Amino acid sequence: MTVMTDPMIAARGILTLISQTVDEEDLTLAHESLDYGYPRSAVYYGVAAARQAEAPIAENIRQLIIHEFAWPEAELKDVMDLLEHIPLQAA
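Residues numbered from 1 in each chain as written. Predicted model: local features only at pLDDT ≥ 70, side-chain atom pairs only at ≥ 80, totals over all residues. Heavy atoms only, no water.

What follows covers a negative patch on the surface. A contiguous patch of negative charge, built from Asp-23, Glu-24, Glu-25 and Asp-26, is present on the exposed surface. Take Asp-26: it is sitting in the loop between α1 (6-18) and α2 (28-35). (Patch = residues over 30% accessible without salt bridge, like charges linked within 9 Å, V, L, I, M, F, W, Y side chains within 5 Å. Areas by Shrake-Rupley, 256 points an atom, 1.4 Å probe, with all protein chains shown as cover. Salt bridge = Lys/Arg side-chain N within 4 Å of Asp/Glu carboxyl O. Lys, Arg positive; Asp, Glu negative; His and termini not counted. Charge placed at Lys NZ, Arg CZ, Asp CG, Glu CD. Helix = DSSP H or I, 4+ residues; strand = E, 2+ residues; numbered from the N terminus.)

If you want it as structure tokens, here you go:
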């Protein structure tokens, strides 16, 4: 069992929110990354799955993704690039 740190809790919550518009089977890699203790990777893979599925992500979830983690500059750019290509979910 993985120890739940604040980033782990945030990542689990973000993946739960993403799973409202993305099939769980498409989030397998994200969940596995989280189980191995890589919360940023889990969120990145969740966002990538949303883009692949052309599933919308709400603005409040986008803000969580961007602000809940200390993203290295290059990784933040990658996440922002992915989010630019994902439709905004209506409130």
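Past the structure itself, the notes keep going.
This next bit is on helix α3 (residues 39-53). For α3, built from 15 residues, the straight-helix expectation of 21 Å at 1.5 Å per residue is met to within 8% by its first-to-last C-alpha distance of 21 Å. Of all the residues in α3, the buried ones are Pro-39, Ala-42, Val-43, Gly-46, Val-47, Ala-49 and Ala-50. Buried positions in α3, seen along its axis, are confined to an arc of 155° and lie on one side of it. Among the residues trailing α3, Glu-54 stands out with phi positive, at a value near 55°. (Expected span 1.5 Å × (residues − 1). Buried < 20%, exposed > 50% of the residue type's maximum accessible area, 1.4 Å probe, protein only. Arc of directions from axis to C-beta.)

Right, let's get into the nonpolar core. Counting 27 residues, the largest nonpolar core has Ile-18, Val-43, Val-47, Ile-65 and Leu-83 as the members making the most contacts within it. Among the secondary structure elements, those contributing two or more residues to this core are α1, α2, α3, α4 (59-67) and α5 (73-84). (Core = buried A, V, L, I, M, F, W, Y, C linked by side-chain atoms within 4.5 Å.)

Do not read the predicted coordinates in detail wherever pLDDT is low. Here the protein shows a mean pLDDT of 92. Residues at 70 or above account for 95%. No element of the protein has a lower mean pLDDT than α4, at 94, and none a higher one than α2, at 97. (pLDDT = per-residue confidence, 0-100.)

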